[in-house]
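Listed here are the chains, written in short residue letters.
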Amino acid sequence: MDFKCIFLFFLISCSGFSQNKTTFQIRTIAFYNVENLFDTLNDSLTRDDDRTPDGKDQWTQKRYLKKIENTSKVIEEIGAETTNTSPDIIGLCEIENLQVLQDLIMHPNLKNKNYGIIHFNSPDERGIDVAFLYKKNAFLPDSFVSHRLLLFNKEGYRDYTRDQLVVSGLLDNDKIHFIVNHWPSRSGGEVRSKPNRLAAAKLNKRIIDSISKIEPNAKIISMGDFNDDPIDESLKLVLQTKGKKKKLEEGSLYNPMEKLFKKGVGTLAYRDKWNLFDQFFMTKTIVAPLNKEYKFWKTGVYNPPYLLTSKGRYKGYPLRTYAGGSYTGGYSDHFPVYLYLIRKVK
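Residues numbered from 1 in each chain as written. Predicted model: local features only at pLDDT ≥ 70, side-chain atom pairs only at ≥ 80, totals over all residues. Heavy atoms only, no water.

Chemist: It is not clear to me how the pattern of salt bridges should be interpreted in this structure. Could you clarify?
Modeler: For side chains of opposite charge, pairing can occur when their charged atoms come near one another. Counted according to the given criterion, the structure contains 24 salt bridges. In this structure, lysine 56 and aspartate 57 form a salt bridge, with 3.2 Å as the shortest nitrogen-oxygen distance. Residues aspartate 228 and arginine 197 are paired through a salt bridge, measuring 3.0 Å at the closest nitrogen-oxygen approach. Here arginine 197 lies in helix α4 (residues 190-214) and aspartate 228 lies in the loop between β9 (220-225) and α5 (233-238), a separation of 31 residues in the sequence. In this structure arginine 197 comes out as buried when scored by relative accessible area, which is 1%. What emerges from the salt-bridge pattern is a single network uniting Arg186, Glu190, Arg197, Asp228 and Asp232. (Salt bridge = Lys/Arg side-chain N within 4 Å of Asp/Glu carboxyl O. Helix = DSSP H or I, 4+ residues; strand = E, 2+ residues; numbered from the N terminus. Buried < 20%, exposed > 50% of the residue type's maximum accessible area, 1.4 Å probe, protein only.)

Right, dumping it as structure tokens:
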């Protein structure tokens, strides 16, 4: 057991001087769009030319190593204020390949965390994938599969995009299914690109329904950069997400990020408008589990001061690796998000 993840609540009884201790174990689940974590090599099969030493971004080995250092620092610190350690489960997007993931987890900031990697190459035209990291002492994967999202343009040609990664396993002997997403972007405009995200939502729903059909009480957490806000049609109508626990019904999903969004919280900003594209939603079985199993506790956006642009027109925005076409040496154009799962152990 990872004792760094034990959190104590002390419940003092009202009678006499007796004291009852209730001990809870906490696990942190995180998601982070790391903004184009590419190596420096030119892959002839993808559009990664900009992220090479001779490309537009002048993506040198020095800049790559700085990106690895920055990303590992953020991951190391997510949730640590509560648990004193890095996340147990991490979903990532905008990573180029397995090698950058290996470089990431072997950085001194993360090397002693003993992370495992689950990754598939997707057909995305830019060569970016989703990935799943897990602490080997906390999570034991027993199955993983990559689901292809088939999209076609008006001319009938294939529009290649990211897969949806499903990883199932035991989190401290508690069976949980995770889905890592990076839905189609809003390139070309929100309205024009909307059908692609609706298709992604339908695929996500089919995955959830398929798991639930085989395992009626399945615990499922879907996370990712959805390129839609919690109130958009893809989530509210297709996936039937609810922002309040008391409104959960058969087939609906709980989205704790909806409440944050309505308070004005975001993970990325564009033209002075904040969006909360990076989200978690989950089955009712995690909100109200049986016995001493893990349940949802709370969620948040990780945005300490060092992840913010400190001055200028974009003050308060995420401090990016590139801004306006120029290298800034920052972190990402998205803030990471996290949630805590908690269970009673004593």
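Chemist: Before we go on, may I ask you to explain the packing of aromatic side chains in this structure?
Modeler: Any pair of aromatic rings gets described here by the distance separating the centres and the angle formed by the planes. Here the structure, examined in full by the defined rule, presents 17 aromatic pairs. A centroid spacing of 6.2 Å and a plane angle of 35° characterise the contact between phenylalanine 132 and tyrosine 134, whose relative ring orientation is tilted. Judged by relative accessible area, tyrosine 134 falls into the buried class, the value being 11%. Relative to tyrosine 317, the ring of tryptophan 274 has its centre 5.8 Å away and its plane inclined at 70°; by these criteria the two rings are edge-to-face. On the criterion of sequence distance, the pair formed by tryptophan 274 in strand β13 (residues 273-275) and tyrosine 317 in the loop between β15 (295-301) and β16 (322-323) is long-range, its members being 43 residues apart. Grouped by ring-pair contacts, the aromatic residues Phe132, Tyr134, Phe139 and Phe178 constitute a single cluster. Its guanidinium or amino end placed over the ring of tyrosine 327, arginine 63 lies 4.1 Å from that ring's centre, counting from NZ or CZ. Positioned above the aromatic ring of tryptophan 297, the side-chain terminus of lysine 298 is 4.5 Å from the ring centre. (Phe/Tyr/Trp six-rings, centres within 6.5 Å; stacked < 30°, edge-to-face > 60°. Lys NZ or Arg CZ within 6 Å of the ring centre and 35° of its normal.)

Chemist: What is the right way to look at the packing of helix α1 (residues 61-77) against helix α3 (residues 98-105) in this model?
Modeler: Angle between the axes and distance between the axes are the two parameters that describe a pair of packed helices. Direction vectors running N to C along α1 and α3 enclose 60°, while the axes themselves pass 9 Å from each other. One way to sum up the angle between α1 and α3 is to call them oblique. When the axes of α1 and α3 are compared, the crossing they make is right-handed. Counting all contacts with α1, which are made through Tyr64, Ile68, Thr71, Ser72 and Ile75, the residues of α3 involved are Gln99, Val100, Asp103 and Leu104. Among the residues making up the contact of α1 with α3, the classes are represented as five nonpolar, three polar and one charged. (Axes fitted to C-alpha atoms, helices over the stretch in contact; angles between N-to-C directions. Parallel < 35°, antiparallel > 145°, perpendicular 65-115°, else oblique. Left-handed = near helix turned anticlockwise from the far one by under 90°. Contact = heavy atoms within 4.5 Å. Nonpolar A, V, L, I, M, F, W, Y, C, P; charged D, E, K, R; others polar.)

Chemist: Would you explain the environment of histidine 107 in this entry?
Modeler: Considering the arrangement of structural elements, one finds histidine 107 in the loop between α3 and β4 (115-119). Residues histidine 107 and threonine 71 lie 36 residues apart in sequence; the distance between their C-alpha atoms is 9.8 Å. The residues contacting histidine 107, other than those within four sequence positions of it, are Ile68, Glu69 and Ser72.

Chemist: Help me understand the nonpolar core in this model?
Modeler: Counting 67 residues, the largest nonpolar core has Leu92, Phe132, Phe178, Met223, Phe280 and Leu341 as its most contacted members. Sequence-distant contacts of leucine 341, defined by excluding residues within four places in its chain, comprise Gln25, Ile26, Arg27, Ile29, Leu171, Ile176, Ile221, Ile286, Tyr294, Lys295 and Phe296. Listed in part, the 20 residues of the second largest apolar core include Ala201, Ile207, Leu235 and Phe281. (Core = buried A, V, L, I, M, F, W, Y, C linked by side-chain atoms within 4.5 Å.)

Chemist: Mind showing me how you'd approach the pairing of strand β14 (residues 278-282) here?
Modeler: On a regular strand, one side chain projects to one face of the sheet and the next to the other, so that they alternate. β14 sits mainly inside the fold: five of its five residues count as buried. Here β14 shows no split at all, with Asp278, Phe280 and Met282 on one side and Gln279 and Phe281 on the other all buried. Relative to β14, β9 runs antiparallel, the two sharing five bridges. Looking at the pairing, glycine 224 lines up with glutamine 279 of β14. (Pairing = 2+ DSSP bridges.)

Chemist: Hey, could you run me through the environment of lysine 62 in this one?
Modeler: With respect to the helices and strands, the residue lysine 62 is situated in helix α1. The sequence separation of lysine 62 and threonine 40 amounts to 22 residues, and the corresponding C-alpha distance is 9.8 Å.

Chemist: So what exactly am I meant to see when it comes to unusual backbone geometry here?
Modeler: What is expected of a backbone is that most residues other than glycine have negative phi and most peptide bonds are trans. The backbone of asparagine 84 shows a phi angle near 65°, a positive value even though the residue is not glycine. Along the polypeptide, asparagine 84 turns up in the loop between α2 (80-83) and β3 (89-95). Classification of asparagine 84 by relative accessible area gives exposed; the value is 60%.

Chemist: What is the right way to read the pairing of β3 from this model?
Modeler: Across the seven residues that make up β3, a large majority, seven, are buried. Both β3 and strand β5 (residues 129-135) contribute to a ladder of six bridges, which runs antiparallel. Bridge pairing links cysteine 93 to valine 130 in β5.

Chemist: Please explain α4 as it appears in this structure.
Modeler: In an α-helix, one turn spans 3.6 residues; hence positions three or four apart end up facing the same way. With 25 residues, α4 should cover 36 Å at 1.5 Å per step; its first-to-last C-alpha distance of 36 Å lies within 8% of that length. The largest bend in α4 is about 25°, located at asparagine 196. Looking at α4, one finds that the buried residues are Ser193, Arg197, Leu198, Ala200, Ala201, Leu203, Asn204, Ile207, Ile208 and Ile211. (Expected span 1.5 Å × (residues − 1). Bend = angle between axes of the 7 residues up to and from the residue.)

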